[in-house]
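Structural characterization, general
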Amino acid sequence: MTTEDFIKKTCGGLLFMYYAYIEKLHVRPVDIDDFVDGLLYLDARGYITKKAMGDKNG
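Overview of the structure. Everything quoted here is computed from the prediction, not taken from an experiment.

Definitions and cut-offs
- Residues numbered from 1 in each chain as written.
- Predicted model: local features only at pLDDT ≥ 70, side-chain atom pairs only at ≥ 80, totals over all residues.
- Heavy atoms only, no water.
- Helix = DSSP H or I, 4+ residues; strand = E, 2+ residues; numbered from the N terminus.
- Rg over C-alpha atoms; globule rule 2.2 N^0.38 Å.
- Buried < 20%, exposed > 50% of the residue type's maximum accessible area, 1.4 Å probe, protein only.
- Areas by Shrake-Rupley, 256 points an atom, 1.4 Å probe, with all protein chains shown as cover.
- Lys, Arg positive; Asp, Glu negative; His and termini not counted.
- Charge placed at Lys NZ, Arg CZ, Asp CG, Glu CD.
- Phe/Tyr/Trp six-rings, centres within 6.5 Å; stacked < 30°, edge-to-face > 60°.

A count of helical and extended segments in the protein chain gives three helices and zero strands. Along the protein chain, helices (α) and strands (β) appear in the sequence α-α-α when read from the amino end. Expected size for 58 residues packed as a compact globule is a radius of gyration near 10 Å; at 14 Å, the protein chain overshoots this value by more than 25%. Considering only C-alpha atoms, the protein chain reaches an extent of 35 × 35 × 15 Å along its principal axes. By the burial criterion, 10% of the 58 residues in the protein chain qualify as buried. Per element, the accessible surface of the protein chain, about 5,100 Å² overall, is 59% carbon and sulfur. Placing the 8 positive and 9 negative side-chain charges of the protein chain at their respective mean positions leaves the two points 8 Å apart.

This structure, assessed with the given rule, holds three aromatic pairs. Judged by centre distance (6.4 Å) and plane angle (50°), the ring pair of Y18 and F35 falls under tilted. Separated by 17 residues along the polypeptide, Y18 in helix 2 (residues 13-25) and F35 in helix 3 (residues 32-57) bring together distant segments of the chain. Looking at Y18, the relative accessible area reads 27%, which means it is partly exposed. With a relative accessible area of 8%, F35 lands in the buried category. With 5.6 Å between their ring centres and 45° between their planes, Y21 and F35 make a pair best called tilted. With Y21 in helix 2 and F35 in helix 3, the pair connects residues that are 14 residues apart, well separated along the chain. Accessibility classification places Y21 together with F35 in one group, the buried group. Among the aromatic residues, those joined into a ring-pair cluster are Y18, Y19, Y21 and F35.

So this is what it looks like as structure tokens:
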């Protein structure tokens, strides 16, 4: 079973993203715009971290 399949089977994608948001940012989103902004921030941070690791090792 893939990771994606496991998430879909257990809690679902949206709920998984909600819990990831709370885990990383330590607050609950106040509205959908706040939720989307937080997810975009987390995605950007992940990208920056991945690029920085690649640059150090490459």
